[in-house]
Amino acid sequence: MATEAANGNNHVVTKKPPTPSPLRNSKFFQSNMRILVTGGAGFIGSHLVDKLMENEKNEVIVADNFFTGSKDNLRKWIGHPRFELIRHDITEPLLVEVDQIYHLACPASPIFYKHNPVKTIKTNVMGTMNMLGLAKRVGARILLTSTSEVYGDPLEHPQTEEYWGNVNPIGVRSCYDEGKRVAETLMFDYHRQHGIEIRIARIFNTYGPRMNIDDGRVVSNFIAQALRGEPLTVQAPGTQTRSFCYVSDMVDGLIRLMEGENTGPINLGNPGEFTMMELAEVVKELIEPSVSIKIVENTPDDPRQRKPNITKAKQLLGWEPKITLRQGLPLMEEDFKQRLGMSKKA
Ligand SMILES: NC(=O)c1ccc[n+]([C@@H]2O[C@H](COP(=O)([O-])OP(=O)(O)OC[C@H]3O[C@@H](n4cnc5c(N)ncnc54)[C@H](O)[C@@H]3O)[C@@H](O)[C@H]2O)c1
Ligand SMILES: O=C(O)[C@H]1O[C@H](OP(=O)(O)OP(=O)(O)OC[C@H]2O[C@@H](n3ccc(=O)[nH]c3=O)[C@H](O)[C@@H]2O)[C@H](O)[C@@H](O)[C@@H]1O
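About the thresholds
- Residues numbered from 1 in each chain as written.
- Chains lettered and ligands numbered in written order.
- Predicted model: local features only at pLDDT ≥ 70, side-chain atom pairs only at ≥ 80, totals over all residues.
- Heavy atoms only, no water.
- Helix = DSSP H or I, 4+ residues; strand = E, 2+ residues; numbered from the N terminus.
- Rg over C-alpha atoms; globule rule 2.2 N^0.38 Å.
- Buried < 20%, exposed > 50% of the residue type's maximum accessible area, 1.4 Å probe, protein only.
- Contact = heavy atoms within 4.5 Å.
- Areas by Shrake-Rupley, 256 points an atom, 1.4 Å probe, with all protein chains shown as cover.
- Lys, Arg positive; Asp, Glu negative; His and termini not counted.
- Charge placed at Lys NZ, Arg CZ, Asp CG, Glu CD.
- Near = heavy atom within 4 Å.
- Polar contact = N/O pair within 3.5 Å; in protein donor to acceptor, adjacent residues only side chain to side chain.
- Nonpolar A, V, L, I, M, F, W, Y, C, P; charged D, E, K, R; others polar.
- Domains from an automatic or database assignment.
- Phe/Tyr/Trp six-rings, centres within 6.5 Å; stacked < 30°, edge-to-face > 60°.
- Salt bridge = Lys/Arg side-chain N within 4 Å of Asp/Glu carboxyl O.
- Pairing = 2+ DSSP bridges.
- Axes fitted to C-alpha atoms, helices over the stretch in contact; angles between N-to-C directions.

Undergrad: Give me the lowdown on the overall build of the protein chain, citing residues and values where you can.
TA: Counting secondary structure elements, the protein chain contains 9 helices and 15 strands. In terms of overall dimensions, the protein chain is globule-like: its C-alpha atoms have a radius of gyration of 20 Å, near the 20 Å expected for 346 residues. Over its C-alpha atoms, taken along the principal directions, the protein chain stretches across nearly 65 × 50 × 40 Å. By residue count, 54% of the 346 residues in the protein chain fall in the buried class. Restricting the contact set of the protein chain to residue pairs at least 6 apart, pairs at least 24 apart contribute 81%. Roughly 15,500 Å² of accessible area belongs to the protein chain as shown, and the carbon and sulfur atoms make up 52% of that amount. Counting 42 positive and 41 negative side-chain charges, the protein chain places the averaged centre of each group 4 Å from the other.

What follows is the structure, encoded as structure tokens:
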């Protein structure tokens with residue numbers, strides 16, 4: 001039975017998880033591990049798929065509505081016998097036979113999740129219920145990619161998993177941060193009530209190749225702006241902080257969490273903390289020293305500080321990030337150059 005990593009919860013699990021297909025215990029048939037990745041055509045999801053597909057015992061099914069993701073992110077797997085891609089909106093039920101579910105589907109960039117906030121909350125609430133219903137029916141283990149935004153504008157710094165957060169329930173970010181909080185609640189209720197095997201990762205800002213070039217998140221914005229020779233748009237005041245994790249480290253953490261014995265929630269992120277002005281200076285120095293930095297207006301409820309305490313991830317998963325911001329940014333720069341048609345590579 002999985003153990004719960006955070007305190008403040010009195011979890012009494014009354015039921016055992018449903019049993020998986022009898023084929024799993026067959027002496028004569030060695031079936032592969034069948035893994036569903038919702039949101040697998042997106043940024044983190046497609047890197048996760050790449051990693052899962054490296055293991056020849058894995059069959060991977062991606063369900064995605066392509067709102068912010070794209071088939072292009074998965075093009076090397078389309079047609080592969082261990083890979084299936086389904087155009088599906090997770091606000092509708094999905095019937096597939098799987099052993100594990102990595103549940104990532106949800107727009108992640110603020111400009112996308114605010115674009116249709118009702119749809120964002122439906123994705124978080126109804127989508128998560130649908131995936132939990134699927135997990136319950138087939139006895140699959142399910143991992144939710146929650147977010148550091150459940151801590152809101154945190155009054156505790158750095159954030160530990162025990163912190164309950166400082167979240168505006170009626171703000172323009174609430175569709176996402178409250179949506180993820182309800183998704184976490186649903187995960188624990190299905191776990192307590194139905195014995196579903198759950199895992200919850202609280203992901204802190206993650207960056208890397210395949211981020212949408214114009215998706216509005218700060219690292220992708222600054223890199224695209226630097227490459228186009230445009231001013232880097234630091235939103236006021238510029239002293240707000242974030243901690244940036246490279247995507248390969250994140251994927252490693254997600255797989256360790258899924259394979260391990262702890263339900264979470266567990267913070268996954270890189271504790272290196274930067275103000276947005278410092279980030280702009282690093283991008284400028286590494287990518288295009290001639291660009292200027294421009295202060296622009298911020299958006300409502302922008303968290304003023306964010307840095308993960310990753311003690312639990314270290315102790316329980318043996319995980320910590322390896323790639324520093326200065327190492328990761330050039331890897332992303334190369335990908336952006338190729339997609340913007342300005343690559344030095346032949
Ligand atoms: N990247 C980060 O910094 C970060 C931080 C915290 C949490 N997360 C979480 O990680 C997950 C992936 O984030 P990402 O950065 O890869 O974002 P992304 O926008 O690139 O990927 C999300 C994917 O989900 C798909 N999707 C959205 N709504 C859907 C729906 N209703 N049905 C089916 N598919 C749907 C999108 O088309 C896309 O492929 C999200 O759940 C996000 O909340 C990301
Ligand atoms: O890690 C998380 O938990 C969350 O982090 C991000 O949300 P946010 O931190 O607001 O991400 P950005 O939009 O990249 O903004 C980060 C900071 O950069 C600033 N910013 C953004 C864009 C820009 O051009 N300039 C700029 O200074 C913002 O004001 C903010 O302070 C993600 O987009 C969410 O999906 C994710 O869940």
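Undergrad: An account of the site of ligand 1 is needed here, citing residue identities and associated values.
TA: In the vicinity of ligand 1 there are 29 residues, among which I44, D64, T68, L104 and Y176 approach most closely. Backbone polar atom of F43 to an oxygen atom of ligand 1: 2.8 Å apart, as the coordinates give it. Contact distances for ligand 1 include 2.8 Å between an oxygen atom and a side-chain N or O atom of K180. Taken by itself ligand 1 offers 820 Å² of open surface, and the protein chains cover 97% of this. The greatest single-element share of the shell around ligand 1, amounting to 3 residues, is contributed by strand 6 (residues 141-147). Considering only residue class, the shell around ligand 1 consists of 13 nonpolar, 12 polar and 4 charged.

Undergrad: Mind laying out the site of ligand 2, listing which residues take part and the relevant values?
TA: Not every one of the 25 residues close to ligand 2 is listed here, only the nearest: A108, T147, S148, Y176 and T233. Where the shell around ligand 2 is concerned, the elements lending two or more residues are helix 5 (218-228) and strand 9 (232-235). Of the residues belonging to the shell around ligand 2, the class tally is 9 nonpolar, 10 polar and 6 charged. When residues are assigned to domains, the shell around ligand 2 turns out to be shared by domain 1 (30-207 + 245-268) and domain 2 (218-241 + 272-303 + 322-339), each giving three or more.

Undergrad: Can you explain the packing of aromatic side chains? Please cite residues and give values.
TA: One pass over the structure, following the stated rule, counts 5 aromatic pairs. Considering the side-chain rings of F67 and F112, the 5.9 Å spacing of their centres and the 90 degrees angle between planes classify their relative orientation as edge-to-face. Placement of F67 in the loop between strand 3 (58-64) and strand 4 (83-87) and of F112 in helix 2 (residues 110-113) is noted, with a sequence separation of 45 residues between them. For F67, a relative accessible area of 37% gives the class partly exposed.

Undergrad: Could you give an account of the pattern of salt bridges, naming the residues involved and the relevant values?
TA: Applying the stated rule across the entire model yields 24 salt bridges. Residue R34 is joined to E59 by a salt bridge in which the shortest nitrogen-to-oxygen separation is 3.2 Å. One end of the pair, R34, is in strand 2 (residues 33-38); the other, E59, is in strand 3, with 25 residues separating them in the sequence. E178 is the partner of R181 in a salt bridge, and the nearest nitrogen-oxygen pair spans 3.3 Å. With R181 and E178 both in helix 4 (residues 174-194), this residue pair falls 3 residues apart, about one helical turn. Judged by relative accessible area, which is 28%, R181 ranks as partly exposed. The structure contains a network of salt bridges with shared partners spanning E149, R173, R242, D302 and R306.

Undergrad: Describe the sheet that holds strand 7 (residues 198-203), naming the residues involved and giving the relevant values.
TA: Spatially, the 7 strands line up as an open sheet ordered 4-3-2-5-6-7-13, and their pairing is parallel. Each edge of the sheet is formed by a strand with only one pairing partner; in this case those strands are strand 4 and strand 13 (266-268). Neighbour-to-neighbour, the strand axes of this sheet turn through a mean angle of 20 degrees, independent of strand direction. Inspection of the sheet shows strand 2 paired to strand 5 (residues 100-103) by 4 bridges, in the parallel sense. Along strand 5, the bridge assignment pairs T38 with H103. This element, helix 3 (residues 117-138), spans strand 2, strand 5, strand 6 and strand 7 of the sheet and lies at about 170 degrees to strand 5. Each of strand 5, strand 6, strand 7 and strand 13 is contacted by helix 6 (residues 247-259), which is oriented at about 155 degrees to strand 7, the strand it contacts most.

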